[in-house]
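Structure assessment
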Amino acid sequence: FASPSQHKYDACVYHHVDPNFGPDPSGDRKLMAEENPSDPSTWKWSAADRLALKLVSEVHQRHMHIIFDGVFNHIGMSSPFFQDVVKKQKLSAYRDWFTITSWEDPVAGTHFDYQGWFGVKELPDWRQDDHGIVPGPRDYIFAITRRWMAPGPPYEGIDGWRLDVAFCVKHPFWKDWSRL
């Protein structure tokens, strides 16, 4: 997925393949900038996405399967969701998507802080409750799951997911996710 690193475990978004894997990185970045990342109705297929879906089709024609790697307990700190929280703090629409331990408040003398996966600040954890990942990021993950598994004509979807660090997400989330 779109990510600033080579390892790609710090995804910016899960609804796009990294533009660097496609034929038009700059065009894909412009397309992505025009979307509302939390609103699937605004998502478009980038050139890198279409190339990945072409690969899926080619693989299916050879009677093989494609799975994507899902790392859904966290996202990268460059994600538009997290960056909105950093910028707008308590006023962010995404403030409840992450486990924020302290807000920036010069009067109180506090600094912005949050939980990262196993303490790694570059990988902000999605917030969880007793049901697993909370509604905002949960809905996003469910939407990207449907997007890649059933993209609709003319594209064929992927065949499944390899879930990295799935143990970090509470079981009720996975039960709901598996029903998609």
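In case you missed it, the structure is sitting above this.
Residues numbered from 1 in each chain as written. Predicted model: local features only at pLDDT ≥ 70, side-chain atom pairs only at ≥ 80, totals over all residues. Heavy atoms only, no water.

**Details of the layout of surface pockets**
Taken as a whole, the largest pocket spans an internal volume of roughly 310 Å³. Contributing to the lining of the largest pocket are 17 residues, with Phe1, Val17, Phe21, Phe68 and Asp69 lying nearest its centre. Mapped by element, the contributors of at least two residues to the lining of the largest pocket are helix 2 (47-61) and strand 1 (67-70). Ranked by the residues each element gives to the lining of the largest pocket, the list is headed by helix 2, at four residues. Here the lining of the largest pocket is built from residues that sort into 13 nonpolar, one polar and three charged. (1 Å grid on protein atoms, 1.4 Å probe; cavity = no way out; pocket = protein on both sides within 12 Å on 5 of 7 lines; lining within 4 Å. Points joined across faces, edges and corners; volume = space filled by probe spheres on them. Helix = DSSP H or I, 4+ residues; strand = E, 2+ residues; numbered from the N terminus. Nonpolar A, V, L, I, M, F, W, Y, C, P; charged D, E, K, R; others polar.)

**Let's talk about helix 2**
Spanning 15 residues, helix 2 covers 21 Å between terminal C-alpha atoms, matching the ideal 21 Å at 1.5 Å per step. Looking only at helix 2, the buried set comprises Ala47, Ala48, Asp49, Ala52, Leu53, Val56, Ser57, Val59 and His60. Tucked inside the fold, the buried residues of helix 2 contact helix 1 (25-33) and helix 4 (135-149). (Expected span 1.5 Å × (residues − 1). Buried < 20%, exposed > 50% of the residue type's maximum accessible area, 1.4 Å probe, protein only. Contact = heavy atoms within 4.5 Å.)

**Digging into the packing of aromatic side chains**
The geometry of an aromatic ring pair comes down to the distance between the two centres and the angle between the two planes. With the rule as written, the count across this model stands at 30 aromatic pairs. It is Lys121 that lies over the ring of Tyr114; its NZ or CZ is 4.6 Å from the centre. Above the plane of the ring of Trp45 lies Arg147, whose end atom (NZ or CZ) is 3.8 Å from the centre. (Phe/Tyr/Trp six-rings, centres within 6.5 Å; stacked < 30°, edge-to-face > 60°. Lys NZ or Arg CZ within 6 Å of the ring centre and 35° of its normal.)

**Some points on unusual backbone geometry**
For the bond running from Pro153 to Pro154, omega is 5°, close enough to zero to count as cis. Take Pro154: it is sitting in the loop between helix 4 and strand 8 (160-163). Look at Lys8: it is not a glycine, yet its phi comes out positive at around 70°. With respect to the helices and strands, the residue Lys8 is situated in the segment before helix 1.

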